[in-house]
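Chain residues, written in single-letter form:
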Amino acid sequence: MRVLIDYTARVAGGGLTHISNLVPSLCRQGVDAYLLKLKSKKIDLRHSDNLTIIDIDDHGLPHLPWKFKFQQVDLKHWAKKLSVDVVYCPTDTASIYDIGYPVVLSLRNRAPWDASPWSITRSKFKNFLLRWNTAFSSRSATVLHFVSRASIEYFRERGLNVNPSKCRVVHHGVSSVFFEVKLHHEMEAFLQKIGLWGVKYILFVGNFFRHKNLITLFKALKLTLKELPSLYLVMVGSPKHRDYWSEMQSYIESHRLKEKVIFLGNVDYFSLPALYRGARLFVFPSTLETFGMPMLEAMASRIPLIVSDLPFAHEVCGDVPIYFDPMNHEDLAFKIMTLLRDSDLRHDMAIRGYERAKRFTWENTGKRMAKIFEEAVEMRSTLRRRKK
């Protein structure tokens, strides 16, 4: 099976984690993968004899029109040149017309469809273009891949005409590095290096988008500190919208939290498990996700977690975490204090979370995606026979 993967979007965060783990897994299933990526985009992929990486130069042009032109014109050229069996588009858009090859399209980005106060700040026109492109791409695609059942319902509710016969759900996996038990001295050395050894902290991992709902987390921290003044909040990730980053900084400054909120920036992927395991608990207050991989990483790392009481979180975490109302910082603060004061509950949650996380592996994800590619080829062949 020869698969062309169009990874020419300028995506970060979960999208990058997804492709970095999925592609090696596909190669281990015997898939010959041809990865198209932007020349300016760095991606860490282990060497494989059946992986070919092709750099594409966008010449610094505005990304949205360049990407649209690339998928409507150049994608078909690359598929033909490489003689592939199927084209995989993992970032929500593909060609809006039949390019002569089966296409598997992943729909992962809910943000352009969100009209809530927590939506990502983008121009209305840009959101409209993204929705329009996704809608027509989904019509022309052979198979639609979703990372959760909750995301299918979300897209349907917001007007995306999803053909049920084309829909497939394959969850993300979690990297084996989060299951590995680091030697105590290795973890201690890393945490000492960044000044966190012996520090009581709660952890957030994710880029700082508005829908991550981080000011609610700061408000909850402020209340919690009245009862537990030795606590810190450690933030891993980077700001993605200037206005929201300014709001975050303004709240921290005006409420005297500067000494209690520690921003680490982006942390090396292989160092993350030590940060998770050093935390008292993990908090994920997001209001808008298709999956939410940091929750899975936290469970695999054996730490308790408190997450938003929303469908995507229930699908990933089941009955493991404590859920809270993401619009209620007092509810979050109460549950943080409750969990921090109950060591038995934290221990039980860590064990149950670890067992649940073992269901989600990139090997399973790769196997199921390889099967979807085979399905797409068969579906297109069947359709062509019927037309004859």
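Up top is the structure these notes are about.
In this text the structure is predicted, and so the values were computed from the model without any measurement. Just so you know, the residues in each chain are numbered from 1, in the order the chain's sequence is written. At least 70 in pLDDT is required for a residue's local features to be given in this predicted model, at least 80 for side-chain atom pairs to be given and counted, and no such filter applies to totals for whole chains, interfaces and linings, which use all residues. Side-chain numbers here rest on the full set of heavy atoms in the structure, without hydrogens or water.

**Student:** Talk me through the overall build of the protein; I want residue IDs and the actual numbers.
**Tutor:** In this description a helix means any DSSP run of H or I spanning at least four residues, a strand means any run of E spanning at least two, and both kinds are numbered starting from the N terminus. Regarding its fold elements, the protein presents 13 helices and 13 strands. For this measure, only C-alpha atoms enter the radius of gyration; the expected value for a globule follows 2.2 Å times N^0.38, where N is the number of residues. For 388 residues, the compact-globule estimate of 2.2 N^0.38 gives 21 Å, and the protein sits close to it at 22 Å. Expressed as lengths along the three principal axes of its C-alpha atoms, the size of the protein is roughly 75 × 45 × 40 Å. Should any heavy atoms of two residues lie within 4.5 Å, those residues are considered in contact. Across the protein, contacts joining residues at least 24 apart in sequence account for 72% of those joining residues at least 6 apart. Calculation of accessible area relied on Shrake-Rupley with a 1.4 Å probe; when residues are assessed, cover is drawn exclusively from the protein chains displayed. Total accessible area computed for the protein in this model is approximately 17700 Å², and 52% of it derives from carbon and sulfur atoms. Both charge centroids of the protein, one from 57 positive and one from 39 negative side chains, sit 5 Å from each other. As used throughout, the charge tally considers Lys and Arg to be positive and Asp and Glu to be negative, leaving His and the chain termini uncounted. Throughout, a charge is located at the NZ atom of Lys, the CZ atom of Arg, the CG atom of Asp or the CD atom of Glu.

**Student:** Account for the packing of aromatic side chains, with residues named and values stated.
**Tutor:** Note on aromatic contacts: the rings of Phe and Tyr and the six-membered ring of Trp form a pair at centre separations within 6.5 Å, being stacked when their planes are under 30 degrees apart, edge-to-face when over 60 apart, and tilted otherwise. Summed over the entire model, instances satisfying the criterion amount to 18 aromatic pairs. Measuring from centroid to centroid gives 6.2 Å for F291 and F360, while their planes differ by 70 degrees, and the two rings are edge-to-face. Placement of the pair is F291 in the loop between β11 (281-284) and α9 (293-300) and F360 in the loop between α12 (343-357) and α13 (362-387), with a sequence separation of 69 residues. The pair F291 / F360 is uniform in exposure class, with both members buried. Put simply, the rings of F178, F204, Y269, F270, Y276, F282 and F284 touch in pairs and so form one group of aromatic residues. Only protein chains enter the accessibility calculation, which uses a 1.4 Å probe. A residue is then buried if its area is under 20% of the maximum for its type, exposed if over 50%, and partly exposed in between.

**Student:** Explain α9 to me, using residue names and the numbers behind them.
**Tutor:** Most of α9 sits out of view: 8 of its 8 residues are buried. Those residues of α9 that fall on the buried side of the exposure criterion are M293, P294, M295, L296, E297, A298, M299 and A300.

**Student:** Provide a residue-level description of the environment of W362, including the pertinent values.
**Tutor:** Structurally, W362 is set in helix α13. With 233 residues separating them in the primary sequence, W362 and L129 have C-alpha atoms 32 Å apart.

**Student:** Run through a nonpolar patch on the surface, naming residues and quoting values.
**Tutor:** Each patch is built from residues lacking any salt bridge and having more than 30% relative accessible area; the joining distance is 9 Å for like charges and 5 Å for nonpolar side chains (Val, Leu, Ile, Met, Phe, Trp, Tyr). Salt bridge, as used here: a side-chain nitrogen of Lys or Arg that lies within 4 Å of a carboxyl oxygen of Asp or Glu. Together, F125, F128, L129 and W132 give the surface a local cluster of nonpolar side chains, amounting to about 400 Å² of exposed area. By secondary structure assignment, the location of W132 is in helix α3 (residues 124-140).

**Student:** A description of the pairing of strand β9 (residues 232-236) should follow, citing residues and the corresponding values.
**Tutor:** Counting buried positions over the 5 residues of β9 gives 4, a clear majority of the element. Two strands pair if DSSP finds at least two bridges between them. Pairing of strand β8 (residues 201-205) with β9 involves 5 bridges; the strand directions are parallel. Note on β9: the bridge partner recorded for L203 is V234. By the criterion used throughout, a crossover qualifies as right-handed when its path from the first strand across the helix to the second strand runs clockwise, the strands pointing away from the viewer. After leaving β8, the chain enters helix α6 (residues 214-227) and then returns to the sheet as β9, a path that is right-handed. Bridge analysis of β9 against strand β10 (residues 261-265) gives 4 bridges, and the strand direction is parallel. Residue M235 lies in a different strand from β10, and its bridge partner there is F263. In this region the chain leaves β9, passes through helix α7 (residues 242-254) and returns to the parallel neighbour β10; the handedness of that crossover is right-handed.

**Student:** Would you mind going over the nonpolar core in detail, with residue names and values included?
**Tutor:** Judged by nonpolar contacts, the single largest core of 97 residues is most densely connected at F218, M235, F282 and M295. Of the residues forming this core, the biggest block, 7 residues, is contributed by α6. Those residues in contact with M295, other than ones at most four positions away along the chain, are F282, F284, L305, V307, F312, A313, V316 and C317. Residues belong to a common nonpolar core when they are buried Ala, Val, Leu, Ile, Met, Phe, Trp, Tyr or Cys residues joined through side-chain atoms within 4.5 Å. In this structure, Y34, I56, L75 and C167 belong to the second largest nonpolar core, which totals 34 residues.

**Student:** Explain the pairing of strand β12 (residues 305-308) residue by residue, including any values.
**Tutor:** Bridging between β11 and β12 involves 3 bridges; their strand directions are parallel. Within β12, the residue paired with F282 across the bridge is L305. With α9 bridging β11 and the parallel β12, this β-α-β connection has right-handed handedness. Pairing of β12 with strand β13 (residues 322-324) involves 3 bridges; the strand directions are parallel. Paired with V307 across the two strands is Y323, which belongs to β13.

**Student:** Go over the pattern of salt bridges, please, and point to the residues and values.
**Tutor:** Tallied over the full model, the rule gives 17 salt bridges. Linking R28 and E363 is a salt bridge whose minimum nitrogen-to-oxygen distance equals 2.3 Å. Taken together, the positions of R28 in helix α1 (residues 14-28) and E363 in helix α13 put the pair 335 residues apart, joining distant regions of the chain. Taking the relative accessible area as the measure of exposure, E363 reaches 30% and is therefore partly exposed. We note a salt bridge from R341 to E227, for which the minimum N-O separation is 3.3 Å. Note that R341 is positioned in the loop between α11 (329-340) and α12 and E227 in helix α6, a separation of 114 residues in sequence. Here R341 falls in the exposed class, since its relative accessible area comes to 54%.

**Student:** Could you give me a rundown of the packing of α6 against α7, with the residues and numbers involved?
**Tutor:** The interhelical angle for the contact between α6 and α7, taken along N-to-C directions, is 10 degrees, at an axis separation of 10 Å. By the angle class used here, α6 and α7 are roughly parallel. Counted together, L214, I215, F218, K219 and K222 of α6 and Y244, E247, M248, Y251 and I252 of α7 form the full contact between these two elements. In this analysis, axes come from line fits to C-alpha atoms, helices being fitted only over the stretch in contact, and the angle between any two N-to-C directions falls in the range 0 to 180 degrees. Just so you know how the angles are binned, under 35 degrees is roughly parallel, over 145 roughly antiparallel, 65 to 115 roughly perpendicular, and the rest oblique.

**Student:** I'd love a proper account of the side chain of R277, names of residues and values included.
**Tutor:** Within the secondary structure, R277 sits in helix α8 (residues 272-278). Among buried Asp, Glu, Lys and Arg side chains, R277 stands out as unpaired, with E180 the closest opposite charge at 7.3 Å. Identification of polar contacts relies on pairs of N or O atoms within 3.5 Å, with a donor-acceptor requirement for protein atoms, meaning one able to donate a hydrogen and the other able to accept it, and with residues adjacent in sequence counted only if both atoms are side-chain atoms. Looking at R277, its side chain comes within polar contact range of the main-chain oxygen of F178, at 2.5 Å. At 3.5 Å, the side chain of R277 and the backbone oxygen of S301 are in polar contact.

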